[in-house]
Structure formats: C-alpha cells, structure tokens
Amino acid sequence: MRGEPGSGNRTRWAAIVRRRSLVCDWLSPERLQELSPGQDPKLSPQPMKDMSLVSKWFSTAAVKGLCRELTFTVPWGHIAAKAWGLPNGRPVLCLHGWADNANSFDRLIPLLPADFYYVAMDFPGHGVSSYRPPGVPYYFSEYVSDVRRIADGGNVGGLFCAVFPEMVDKLIVLDGYGFYPIVNSCVQEQLQKAINGLIKLEKEQSSPRVYTPDAALKRLLLGNESLSEESGKILLQRGSTEVPGGLAFTRDLRINLPTPVRITIDQCLEFQKRITAAVLLIGAKEGLWKGEKWSPDQPPFSLLLEGYRTLSKQFRLERVEGNHHVHMNEPERVAGIVSEFLRKDITSKL
C-alpha cells in the first residue's frame, strides 16, 4: 500500500550509492507525480546551461536511454537531478560519489529494468546544483539532509538508511561500505583542518580557472585515475560549463576541503543497527577495497561488513572485475547483479 508523503504509511525506496552514494528505492510514485512539472511549483524541468562547446567536444561519449531534467527548490537555491522511466514505476534514487555528478549513472541505468523510475541527483556543489551559501562548509551529514529533502520534496547511503530506515527497502553500495568512519583520535584534527582550510580558501579564491576542452578532460582524468576517457567525457558534459576562453569546472572548490565532522566506527556501528533495508555491496577488485586504507579484512571496514552480515538477513556481497568507476567504464559487469537485486521481492516492513 502506498502512503501519502508525511503519513505513517510511507512508500519505501531502493537506493544505489557510490562511496558517498546509494541506489535508493524510495521516492513514492505519489510524491513523484506531485513533483511533475506543471503540477508542483517547486519542481520544474531543469533549464540547461549553454553547453554548445561542451557538446561539441564531448558528444562522442556513448550514452543510451532518454532522461529528463528536474529541479528541486531548496532554501539556498536548487538541487538538480535527472530521471529515467515513468514516474509511476518503483522509484530508485541514485547518488554519485565525491566530485562526480548525476551523469555517473548514464551508462548503467539503461541496462537496468525498465519498469523502475530512476532519479539521479547532483549533490550541492556538484554538477548543475547550487553551491552551499558562502562561508558554509560541506558537512558530510548535510548530504544526508539533501537526500531527505529530495525524498520528501557511496557512504551517505548507509547513513541515510540508518537515520531514516522507514524510507528505504533496498540499499545498493557500489565499491564502498555505506559509511566512512574516522579514528577517534583524529576527530579534533579533522575539525581543525576543515576550519583552517575553509578560511584559507576564502582568502585565496579567485575566478575559476579556464581550460581548453582537451585540457579539462586531461585535468579530470589526472585526478581520477580510475576513469576511462569516455567516462571522463560523460562527467564533463555535466561537470563543466562554457565561459569566455574555454571551459570551467562547475563544482564548488569547497568540496575538496575536509568535511568538518565525521562519525567514529562505534557511531557507525550504532547507526548501522538501525538499517532495516536489504543490502547489496558490490566491491571492485581493482577499486577501493584493494588498498590497505579501505581493506575489508581489517578494521574499521571489516567491522562494518560483519555488522551487515549480523544485522541483515538479506545481505549480499559481490566482487566484480574492474576499478572504482566500473559502473561507468564497464557497466555490464554490475548491471546484472543490480537488476537481480532490484527485482527480488522484499517483504515490506510497513
């Protein structure tokens, strides 16, 4: 039974997350219909910026499937998103990873079941979403708030499922754990670096650097070694804009600063106990899990895996060939696993 937004009988979501993201199955069809252009003044098709130069240089990137642009009004501006499928399909929210954008899912979603409604959002400061107000850092917890605003109006995914367990039926994490804990002894240093970094950036910040299209792509690939050239072009279609003399990246430079507050492993495990969704983790063999920092065989991430196994009767762990951006570079390697999980009947807990 599908409930109205704000009622106790809320439709639950599925979410796909990249490190800081999730594939969520949670925007109710009723809410999505309310948010259709022409029916709700808070949502209208996203007016696309002039992308002529971007399109000219990066149009060779192969993307299948038709989508439409959405804009969700928030107090500081708007959160942009794109959607595939019919609004009356089961909703799946797709959350990109750090410094990426909603185009992260352009090659994966066309390979997934067509009877779902997929919504991929740009987090604030990414893609074509508004920046946070001046002087405000990008708190990790605020990304959870952003998802909540979209739901009613990565690593973020697991935390969102823990804070709002009644809203999510399924959680899919691509090459991540759903949480990003910090060592207890580093909490003070993390906050100090974040505050000092923000003040320093504000003093030094000048006009955005302008690149030629080739230089923009080279710069993006230099900072994201796991991206193929084609995947880089797809991200630049949404992550750059034409300015006099060439292209500029659209993302807010503040996203490169440390988040002021991260939760400890003990806090993560306590939040994790609140998750009631079925969970699918997909690890890339040449991705994050390969490195010692993100190793699934030692704390803190071994503790998170054990927590999922203990707490969820519907937990699934898969390893696939590929690197951290396997869902973009070689989406067919994860599409079948994700499709099967989405189609699997999960008994509602409502």
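It should be emphasised that the depicted structure is a prediction, and the values quoted were computed from it without experimental measurement.

Colleague: Which residues make up the layout of surface pockets, and what are the values?
Modeller: Quantified by volume, the second largest pocket comes out at close to 550 Å³. Along the wall of the second largest pocket there are 20 residues; nearest its centre are Tyr211, Phe249, Arg251, Leu253 and Asn256. Secondary-structure elements contributing two or more residues to the lining of the second largest pocket are helix H6 (213–223) and strand S10 (246–249). Broken down by element, the residue count for the lining of the second largest pocket peaks at three residues, all from H6. A per-class count over the lining of the second largest pocket returns 10 nonpolar, six polar and four charged.

Colleague: Report on the pattern of salt bridges, specifying residues and quantitative values.
Modeller: Scanning the model with the defined rule gives 18 salt bridges in all. Note that Asp169 is salt-bridged to Arg90, the shortest N-O span being 2.7 Å. For Asp169, a relative accessible area of 4% corresponds to the buried category. Take Arg90: its relative accessible area is 27%, and that puts it in the partly exposed class. Glu189 is the salt-bridge partner of Lys193, the closest N and O atoms lying 3.2 Å from each other. With Lys193 and Glu189 both in helix H5 (residues 187–204), this residue pair falls four residues apart, about one helical turn. Connected via shared salt-bridge partners are Glu69, Asp122 and Arg238.

Colleague: Hey, could you go over the environment of Ile79 for me, with residue numbers and the actual values?
Modeller: Along the polypeptide, Ile79 turns up in strand S5 (residues 77–84). Setting aside residues no more than four positions away along its own chain, Ile79 makes contact with Leu70, Thr71, Phe72, Val74, Met121, Asp122, Pro124, Ser129, Asp146 and Ile150.

Colleague: Any chance you could break down the confidence of the model for the protein for me, citing the residues and the numbers?
Modeller: Per-chain confidence: the protein averages 83 in pLDDT, with 78% of residues scoring 70 or above. Counted against residues more than four places away or in other chains, residues 1–11, with its pLDDT under 50, gives 26 contacts. Every residue in residues 20–51 is under pLDDT 50, and counting partners more than four places away or in other chains gives 145 contacts.

Colleague: I'd love a proper account of the packing of aromatic side chains, names of residues and values included.
Modeller: Counting across every chain of the model gives 11 aromatic pairs. Here the aromatic rings of Tyr308 and Phe315 are separated by 5.6 Å at their centres, their planes lie at 10 degrees, and the arrangement is stacked. Judged on exposure class, the residue Tyr308 and its partner Phe315 are both buried. By way of ring pairs, the aromatic residues Tyr177, Tyr180, Trp289, Trp294 and Phe301 are connected into one cluster. Positioned over the ring face of Phe341 is Lys170, at 5.9 Å from the centre of the ring. We note Arg262 situated over the ring of Tyr180; from NZ or CZ to the ring centre the distance is 3.8 Å.

Colleague: Before we move on, can you summarise the nonpolar core with the specific residues and values?
Modeller: Met121, Phe179, Ile275, Leu281 and Tyr308 are the most contacted members of the largest nonpolar core, which has 45 residues in total. Residues in contact with Tyr308, not counting those within four places in the same chain, are Leu171, Tyr177, Gly178, Phe179, Gln272, Ile275, Val279, Leu281 and Phe315. Of all hydrophobic cores here, the second largest spans 25 residues; its members include Ala102, Leu112, Leu174 and Ala284.

Colleague: Before we move on, could you go through H6 and cite the residues and values that matter?
Modeller: For H6, the complete set of buried residues consists of Pro213, Ala216, Leu217 and Leu220. With its buried residues spanning 95 degrees around the axis, H6 presents them on a single face. Opposite its buried face, H6 presents the exposed residues Asp214, Lys218 and Leu222, each directed more than 90 degrees away.

What counts, and at which threshold
Residues numbered from 1 in each chain as written. Predicted model: local features only at pLDDT ≥ 70, side-chain atom pairs only at ≥ 80, totals over all residues. Heavy atoms only, no water. 1 Å grid on protein atoms, 1.4 Å probe; cavity = no way out; pocket = protein on both sides within 12 Å on 5 of 7 lines; lining within 4 Å. Points joined across faces, edges and corners; volume = space filled by probe spheres on them. Helix = DSSP H or I, 4+ residues; strand = E, 2+ residues; numbered from the N terminus. Nonpolar A, V, L, I, M, F, W, Y, C, P; charged D, E, K, R; others polar. Salt bridge = Lys/Arg side-chain N within 4 Å of Asp/Glu carboxyl O. Buried < 20%, exposed > 50% of the residue type's maximum accessible area, 1.4 Å probe, protein only. Contact = heavy atoms within 4.5 Å. pLDDT = per-residue confidence, 0-100. Phe/Tyr/Trp six-rings, centres within 6.5 Å; stacked < 30°, edge-to-face > 60°. Lys NZ or Arg CZ within 6 Å of the ring centre and 35° of its normal. Core = buried A, V, L, I, M, F, W, Y, C linked by side-chain atoms within 4.5 Å. Arc of directions from axis to C-beta.

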